[in-house]
Amino acid sequence: MKEMIKYGKKILKTLNDSGYEAYFVGGFVRDEILNIESNDIDIATSAWPSQVESLFENTAATGKKYGTITVFMNDYAYEVTTFRFDKSYKNYRQPESVDFSKKLEDDLIRRDFTINALAKDIEGQTIDLFNGMEDIKQRQIKAIDDPNKRFKEDALRILRAIRFVGKLNFHIEKNTFDAMKKDSHLLSKIPTERIIKELDLILKQPYKEQIYHLFNDLHLGDVFSDLDRAIKKLNLTDYPISLEQFFALGLYPDKNLSPDEWRFSKSQMSRIETIKELMNILLKQRITSIHLYNYSKDLMLAANDLLVKFFDYEDQEDKIINLDRHLKIRSFKDLKITGHDILPLVKDEKNVGKIIETLIEDVLLGKVENRKEDLHSFASRLAEDLNEEN
Ligand code: ATP
Ligand code: MG
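What you see is a predicted model, and the numbers here were worked out from it, not measured in a lab.

Our next topic: the layout of surface pockets. Reported here for the second largest pocket is a volume of approximately 160 Å³. Around the second largest pocket, the lining residues are Met-1, Ile-5, Phe-28, Asp-31, Glu-32, Asn-35, Ile-36, Glu-37 and Ser-38. Grouping the constituent residues of the lining of the second largest pocket by class yields four nonpolar, two polar and three charged.

Structure follows, in structure tokens:
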């Protein structure tokens, strides 16, 4: 971190030496005051993006349209963003365009919470226009300006407040909290990609109990009906769960995700559906190696975890891990016999697939060894039966 700050200061100096203002801003300044490690450093400057590009050797135009140039220094990446004020909030979403500004104040006033609106110059002087220092001391999250107005501009800020509670264990200042309650329905207007990303971040924060309590208190189950069951179950617990488990718990046992509503990636979508399916399987069937062959161990453990924590179901973790550890094959390719070897044994080539499927199951259940001769004689017997049927 020290190194990262050192090179960050070098960036500030280069900008200052060329006549531009430049500051550390946002989460980094907040976390430094709280003595928390930051994973990244954001810099705000009066220099235009193209001016930033020309001052540093190694840059990437990661968000040039919005004023952001990533500057690389000694393997560290810094987001250097031109002062800007947001304009034209449409439909309670982030602005479509931004205007660049020469004034730090413009840049700080558009930020969400007072604790996120501190800036620090190269001398270590903190610029605190909205009493952010005091709110850090009071351990409170407070919107800048009128909270209702700010949540109407961008309702995602309601979830961001929950994220910071989960990260810092701060409380939410009363007016801000009242506005969050009043405006939570506006979250339904936010594109679900943004909601999904933010929920993922929230669930990774350490103060789970506080997070789950807020989900309930703000009635987020009314806004996101697919999550209602999960939110009710989570209340007053502090169990860590993943984003996928959160949705699976919301849908279990009989709801399905609507792909038009929730814009998950295909793989996320399938993991959610599979966890839900596996909860049903674990509940109703005795699991065998065949399940471990068909499903991933991790998803099975994720489903087991939900059943144990939220439905007082018997813990099958050891069994799942054991079955997986001793799995004889993980794919049909691991079979020591191929379709090619089986083809001469059958009258109807459609039966090759059937035989392979049976062999897979028998190997998994230990009925036959995964050795070529053993599989071959097993296959011959199966083929004879099938040939007679035809
Ligand atoms: P973390 O340590 O969790 O990354 P952070 O404060 O750096 O926290 P980011 O989401 O990385 O949070 O955002 C960086 C900064 O940008 C915030 O501190 C805040 O000042 C500003 N910001 C981000 N999103 C918004 C928003 N939707 N509305 C207003 N300001 C925002
Ligand atoms: Mg950040």
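On we go.
Tracing the sequence through the fold places Thr-192 in helix α9 (residues 192-203). The exposure class assigned to Thr-192 is buried, which follows from its relative accessible area of 12%. When sequence neighbours within four positions are dropped, the list of residues in contact with Thr-192 reads Glu-261, Trp-262 and Arg-263.

Before going further, it helps to spend a moment on the nonpolar core. Counting residues in each nonpolar core, the largest one holds 111 residues, and the members touching the most others are Leu-15, Ile-162, Leu-187, Leu-199, Phe-215 and Phe-246. Looking at which element gives the most residues to this core, the answer is helix α7 (residues 156-168), with eight residues. Excluding residues within four positions of it along the chain, Phe-246 makes contact with Leu-199, Leu-203, Phe-215, Leu-227, Ala-230, Ile-231, Leu-234 and Ile-241. In this structure, Ala-44, Phe-83, Leu-104 and Ala-117 belong to the second largest nonpolar core, which totals 10 residues.

The next point concerns the site of ligand 1. Close to ligand 1 lie 15 residues, the nearest being Arg-30, Asp-154, Arg-157, Arg-160 and Arg-163. For ligand 1, an oxygen atom lies 3.0 Å from a polar atom in the backbone of Asn-116. Contacts to ligand 1 include Asp-154, whose side-chain N or O atom sits 2.9 Å from a nitrogen atom. Alone, ligand 1 offers 590 Å² of accessible surface; in the complex the protein occludes 80% of this. Elements with a contribution of two residues or more to the shell around ligand 1: α2 (27-33) and α7. The element best represented in the shell around ligand 1 is α7, accounting for five residues. Classifying every residue of the shell around ligand 1 by side-chain character gives one nonpolar, three polar and 11 charged.

The subject of this paragraph is helix α13 (residues 243-251). Of all the nine residues making up α13, nine are buried; the element is thus mostly covered by neighbouring parts of the structure. For α13, the complete set of buried residues consists of Leu-243, Glu-244, Gln-245, Phe-246, Phe-247, Ala-248, Leu-249, Gly-250 and Leu-251. Residues of α13 that are buried sit in contact with α9, α10 (208-217), α12 (228-234), α14 (266-284) and α16 (297-311).

Running from N to C, α7 and α9 point in directions that differ by 10°, and their axes come no closer than 9 Å. Comparing the axis directions of α7 and α9 gives the class roughly parallel. Here α7 contributes Leu-156, Leu-159, Arg-160, Ile-162 and Arg-163 to the contact with α9, which in turn contributes Arg-194, Ile-195, Glu-198, Leu-199, Leu-201 and Ile-202. Tallied by class, residues from the contact of α7 with α9 come to seven nonpolar, no polar and four charged.

Okay, the sheet that holds strand β9 (residues 126-127) next. A sheet is described by the order of its strands in space; here seven strands give the open sequence β3-β4-β5-β2-β1-β8-β9, paired in mixed fashion. Because the sheet does not close on itself, it has two edges, and the strands there are β3 (59-63) and β9. In terms of strand pairing, strand β8 (residues 119-120) meets β9 through two bridges, oriented antiparallel. Bridge pairing in β9 places Ala-119 opposite Ile-127. Of the strands in this sheet, β1 (22-25), β2 (41-45), β4 (68-73), β5 (76-82) and β8 touch helix α1 (residues 2-17), which is tilted by about 35° from β5.

So, on to the pattern of salt bridges. Applying the stated criterion to the full structure yields 26 salt bridges. Arg-110 serves as the salt-bridge partner of Asp-107, at 3.3 Å between the closest nitrogen and oxygen. An identical accessibility class is assigned to Asp-107 and Arg-110; each is buried. Ionic pairing is found between Asp-324 and Arg-330, a salt bridge with its closest N-O pair at 3.0 Å. The buried category is assigned to Asp-324, whose relative accessible area is 13%. Judged by its relative accessible area of 46%, Arg-330 is partly exposed. A cluster of three or more residues bridged by salt bridges with shared partners is formed by Arg-30, Asp-31 and Lys-167.

So, how was this worked out
- Residues numbered from 1 in each chain as written.
- Chains lettered and ligands numbered in written order.
- Predicted model: local features only at pLDDT ≥ 70, side-chain atom pairs only at ≥ 80, totals over all residues.
- Heavy atoms only, no water.
- 1 Å grid on protein atoms, 1.4 Å probe; cavity = no way out; pocket = protein on both sides within 12 Å on 5 of 7 lines; lining within 4 Å.
- Points joined across faces, edges and corners; volume = space filled by probe spheres on them.
- Nonpolar A, V, L, I, M, F, W, Y, C, P; charged D, E, K, R; others polar.
- Helix = DSSP H or I, 4+ residues; strand = E, 2+ residues; numbered from the N terminus.
- Buried < 20%, exposed > 50% of the residue type's maximum accessible area, 1.4 Å probe, protein only.
- Contact = heavy atoms within 4.5 Å.
- Core = buried A, V, L, I, M, F, W, Y, C linked by side-chain atoms within 4.5 Å.
- Near = heavy atom within 4 Å.
- Polar contact = N/O pair within 3.5 Å; in protein donor to acceptor, adjacent residues only side chain to side chain.
- Areas by Shrake-Rupley, 256 points an atom, 1.4 Å probe, with all protein chains shown as cover.
- Axes fitted to C-alpha atoms, helices over the stretch in contact; angles between N-to-C directions.
- Parallel < 35°, antiparallel > 145°, perpendicular 65-115°, else oblique.
- Pairing = 2+ DSSP bridges.
- Salt bridge = Lys/Arg side-chain N within 4 Å of Asp/Glu carboxyl O.

These values are about where atoms sit, not about what they do.
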